[in-house]
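Chain and residue survey
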Amino acid sequence: MDSTNVGGDVLTLRNITSHGSQSQRNETRSIRESSRIIEGGEPPDVPQPSQTYQCLLVFAGFMMTFHVIGINSIYGLFQEFYTSPDTSIVGAQGQDALVSLVGTIGSGLTWSGSVFVNPMIRRFDNVKFISLVGAFIMSLGLFSASFCTQLWQLYITQGLLYGIGSSMYYFPIMSLTPAYFDRNRGAAMGIVLAGSGVGGLVLSPVFHTLLTRLGIGWALRILGIWNFLLGIPISSVLTKKHGAAASVSGRTRVSMAMIKRGTFILQSLGALLQAAGNMVPVYFLTTYSVAVLSYSSSTGSLLLAVNTAVNSAARIGMGILADRVGRQNTMILSVLFSGVAVFALWYDSDRARFLAFVVFYGILAGGYNALLPTTITEVYGVQNYSSVNAFIYFIRGLGALFGAPVAGLILGSHRRSVRFTGDTLANISMLKNRYNEVAIFDGVLLLAAGVCVAYVRWLDARDKGGWSWKA
């Protein structure tokens, strides 16, 4: 969750500053005041939540990301099944671009749905209802997908319904949690977002077992029912908002003064590129291991589980590291080195290098996602968190929508075979060349995102009046 601190404030082009400068100065003053609040804690007149509730909220957030982002992260298993010769979906075999669009609609709406969920959070003092309805809708989408036989049906159920519901379930906890913490905000959000990795670790082998033993229909039904049953107690943790979170839900629209700033534009672009690049390995890790490296589907699901497990531990570690060396610094290195890992370890990889990629990409890719909420609060202030968070996640949703489908278009339509013949070996060689093109596409996206985030870091320091090595 890492992403884009939308930042800094005043770096709007000098000529823009001359028009509407009063608005700009007010915005800058507001953010500087917020920065002082972040450095020194909440104002004394704001009641603080108890440590017990803080721990309960972190645990609820951990479990929420466990099954929301956990389910998103194992879509590669769906991708592998839907495009395989055993598919239950008419016309889906070998159609990676069309099938990946199902997953990207779901995961994209999980993020981009923030633009309508955050205003709902502001309107309702008790946000438990929003979260609970969201858990029901996303579960309904999974359950309904079990009866689908056409791709367009999957777009509606496992795409639209699941994505809308998961967004309503995801953002109440994710939008309010940062405001309940001050000095340990990075570590708290790292723990919350580590649930996504643990979710992938657990759900990957479990879903693969259900898929092989019961079939796709019952596997989806069980997943949908379990999802809702788990969502009930998690949503119940969200009672009325404490004073510490009141300012987080105060503003739901980004001001035009902020939109015009160079930092905001660059961070939005970085969020778009990182989300697009981040989704590609997650979706195609399993299909690459099966179609190119000739691993079994069970081994492919195990590799996906390993990747998410490493990612989970890395998110906690990145959060702790960020509290010590700077959240923006940690996020920049995370994005840049994840792009380097794609070029160094995935491109033209054999089994050994691909195993290294599974591990190292899992470590490096977690930083951006884990640090996004904390950096938004740090750069823009608590009172702007809701509006900036909603907009940036909307942009990330758009990025998620195009990353994997474009990679699927690069792969093109192809067939797999369980028999090794001359034609099969030629097909594997052709597929590997196409995956090399996918790796180039993905690496460029991630490196470009890293450059955007790094430049925002420089602009933010400039806006605040001076460079600090820890930021």
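Residues numbered from 1 in each chain as written. Predicted model: local features only at pLDDT ≥ 70, side-chain atom pairs only at ≥ 80, totals over all residues. Heavy atoms only, no water.

Details of the pattern of salt bridges
Note the threshold: The term salt bridge refers to a pairing of a side-chain nitrogen on Lys or Arg with a carboxyl oxygen on Asp or Glu at a separation within 4 Å. Numbering of helices and strands starts at the N terminus; helices are DSSP runs of H or I of at least 4 residues and strands are runs of E of at least 2. Burial status follows relative accessibility: with a 1.4 Å probe on protein chains alone, a residue under 20% of its type maximum counts as buried, one over 50% as exposed, and anything between as partly exposed.
Under the counting rule described, the total for this entry stands at one salt bridge. Two residues, K432 and D348, come together in a salt bridge whose shortest N-O distance is 3.9 Å. One end of the pair, K432, is in helix α18 (residues 422-463); the other, D348, is in the loop between α15 (327-346) and α16 (351-380), with 84 residues separating them in the sequence. By relative accessible area, D348 is classed as partly exposed at 39%.

Some thoughts on the side chain of T87
Our working definition: Contacts are residue-level and defined by heavy atoms, with any inter-residue pair within 4.5 Å sufficient.
Take T87: it is sitting in the loop between α4 (75-82) and α5 (96-112). Those residues in contact with T87 that sit more than four places away from it in its chain are F81, Y82, A92 and Q93.

Quick word on the packing of helix α13 (residues 262-291) against helix α17 (residues 385-411)
For any two helices packed against each other, one specifies the inter-axial angle together with the distance between the axes. Quick reminder of the rule: All axes are obtained by fitting lines to C-alpha atoms, using only the stretch in contact for helices, and the reported angles, taken between N-to-C directions, cover 0 to 180 degrees. An angle counts as roughly parallel when it lies under 35 degrees, as roughly antiparallel when it exceeds 145, as roughly perpendicular when it falls between 65 and 115, and as oblique in every other case. Left-handed describes a crossing in which the near helix is turned anticlockwise from the far one by less than a right angle; the clockwise case is right-handed. Each residue is assigned to one of three groups, with Ala, Val, Leu, Ile, Met, Phe, Trp, Tyr, Cys and Pro labelled nonpolar, Asp, Glu, Lys and Arg labelled charged, and all others, Gly among them, labelled polar.
Following both chains from N to C, one finds α13 and α17 inclined at 45°, their axes separated by 7 Å at the closest point. Looking at the two axes, α13 sits oblique to α17. Relative to α17, α13 is oriented so that their crossing is right-handed. The class makeup of the residues in the contact of α13 with α17 is 18 nonpolar, five polar and one charged.

Observations concerning helix α6 (residues 114-123)
As a reminder, the rule being used: Note that the arc is defined by the directions from the helix axis to the C-beta atoms.
Turning to α6, its buried residues number three or more, namely S114, V117, N118 and I121. One face of α6 carries all of its buried residues, which in axial projection span an arc of 100°. Where α6 is buried, its residues touch α5, α7 (128-145), α8 (151-176) and α17.

Some details on the confidence of the model for the protein chain
Parts of the prediction with low pLDDT should not have their coordinates interpreted in detail. Where we set the bar: The pLDDT value tells you how sure the predictor is about a given residue, anywhere from 0 up to 100.
Confidence in the prediction for the protein chain averages 80 pLDDT; 82% of positions are at 70 or higher. Contacts from residues 1-46, a stretch scored under 50 in pLDDT, to residues over four places away or in other chains number 127 contacts. For residues 417-422, every residue scores under 50 in pLDDT, and the model assigns this stretch five contacts once sequence neighbours within four places are set aside.

Some details on helix α10 (residues 216-236)
The criterion, for reference: In this scheme, a helix's expected span is set at 1.5 Å multiplied by one less than its residue total.
Spanning 21 residues, α10 covers 31 Å between terminal C-alpha atoms, matching the ideal 30 Å at 1.5 Å per step. Turning to α10, its buried residues are I216, G217, A219, L220, R221, L223, G224, N227, L230, G231, I234 and S235.

Re the packing of aromatic side chains
Centre-to-centre distance and the angle between the planes together describe a pair of aromatic rings. Inclusion rule: Planes of paired rings set the category: under 30 degrees apart is stacked, over 60 is edge-to-face and the rest tilted, where pairs are Phe, Tyr or Trp rings (Trp by its six-membered ring) whose centres lie within 6.5 Å. We count a charge as sitting over a ring when the NZ of a lysine or the CZ of an arginine lies within 6 Å of the ring centre and within 35 degrees of the ring normal.
Overall, the coordinates contain 20 aromatic pairs when judged by the stated rule. Note on Y75 and Y283: the rings are 5.1 Å apart at their centroids and 45° apart in plane angle, and the pair reads as tilted. Of this pair, Y75 sits in helix α4 while Y283 sits in helix α13; the two residues are 208 residues apart in sequence, bridging distant segments of the chain. Judged by relative accessible area, which is 4%, Y75 ranks as buried. Among the residues examined, Y283 registers a relative accessible area of 0% and is labelled buried. Feature note: the residues F284, Y288, W346, F354, F357, Y361 and Y435 constitute an aromatic cluster, connected by ring pairs. We note R221 situated over the ring of W218; from NZ or CZ to the ring centre the distance is 4.8 Å. The ring of W111 has R396 sitting right over it, with the charged end atom 4.3 Å from the ring centre.

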